[in-house]
Amino acid sequence: MSRLALLRHGHTHWNRAGRIQGRSDIPLDDDARAELAGYELPAPWDKAALWSSPLQRASETARLVAGQDPRVAEALIEMNWGDWEGLRGVDLIADTGSGYRHIEDWGWDYRPPNGESPAEVRARLQPWLGALQGDTVAVCHIGIMRVILAGAWGWNFEGEAPFKIKRNRLYVIDLENFRAQPEPIRLIRQETPE
């Protein structure tokens, strides 16, 4: 049986400011580093193959929670947000001429100006997903997770998503039938020596 566990990277200062990061290579902030250093992958995921996006916020998260360097997959880089990268979603929503939509209204073909649609993200992920064997942990981004989980849940970016992506949790997909487990698995707190 082959399974994939998706883990979202830790916070950056852009996350906390509500800015769209996309492919900007923003590092983890100090609070995220301190928090992630206190977590580890639960068994059996601590023995799984470890992959990450090439962006430093993902690869550093992988190193902190797994204690090893991940293999890097270009396919796992965040969705390209084009002209909206670095802007705040709340500002784009307030600007009625921006074309910005809430995720529930995207559909597979919605594309930010000069950016990438969920369908295009799905197409670039397919070869990487198809080559996975055994248990794999992938540390990546919310956009990548949404696309993979949308496929696993049968959600078409229309209406409320059947999943909520939170940090410090593994979202597991059975790759044999491409179905998501209903509940994520929490990372475990490292035991501190006395």
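Scroll up for the structure.
Just so we're clear, the structure is a prediction, and the values are computed from it rather than from any experiment. (Residues numbered from 1 in each chain as written. Predicted model: local features only at pLDDT ≥ 70, side-chain atom pairs only at ≥ 80, totals over all residues. Heavy atoms only, no water.)

### Quick look at the pairing of strand β5 (residues 136-140)
Consecutive side chains along a regular strand alternate between the two faces of the sheet. Note the threshold: Buried means the residue's accessible area, taken with a 1.4 Å probe over protein chains only, is under 20% of the maximum for its type, while exposed means over 50%, and partly exposed covers the values in between. Under the scheme used here, helices are H or I runs from DSSP no shorter than 4 residues and strands are E runs no shorter than 2 residues, and both carry numbers assigned from the N terminus. The pairing criterion for strands is at least two bridges between them, as found by DSSP.
With five of its five residues buried, β5 lies for the most part within the structure. The alternating pattern of β5 places Thr136, Ala138 and Cys140 and Val137 and Val139 on opposite faces, both of which are buried. Sheet topology note: the strand β1 (residues 3-8)/β5 ladder contains five bridges and is parallel. Each bridged residue has a counterpart across the sheet, and for Leu6 the counterpart in β5 is Ala138.

### Comments concerning the pattern of salt bridges
Worth spelling out the cut-off: Just to be clear on terms, a salt bridge is a Lys or Arg side-chain nitrogen sitting within 4 Å of an Asp or Glu carboxyl oxygen.
Throughout the structure, instances matching the rule amount to eleven salt bridges. Arg63 is paired through a salt bridge with Asp69; the nearest N and O atoms lie 3.8 Å apart. Residue classification places Asp69 among the exposed positions, given a relative accessible area of 56%. The partner of Arg88 in a salt bridge is Asp91, and the shortest N-O contact between them spans 3.0 Å. Overall, the relative accessible area of 42% leaves Asp91 in the partly exposed class. Counted as one network, the salt bridges with shared partners bring together Arg23, Glu116 and Arg124.

### Some remarks on the side chain of Thr12
Definition in use: Polar contact criterion, stated in full: a pair of N or O atoms within 3.5 Å, where within protein one must be able to donate a hydrogen and the other to accept it, and residues adjacent in sequence count only if both atoms are side-chain atoms. We call two residues contacting when some pair of their heavy atoms lies within 4.5 Å.
Counting through the fold element by element, Thr12 comes out in the loop between β1 and α1 (13-17). Using a relative accessible area of 0% as the deciding quantity, one classes Thr12 as buried. A polar atom in the side chain of Thr12 sits 3.2 Å from the backbone nitrogen of Trp14. Polar side-chain contacts of Thr12 include one of 2.5 Å to the side chain of Gln21. Contacts of Thr12, omitting those with residues within four sequence positions, involve Gln21, Ile26, Pro27, Leu28, Asp29 and Arg57.

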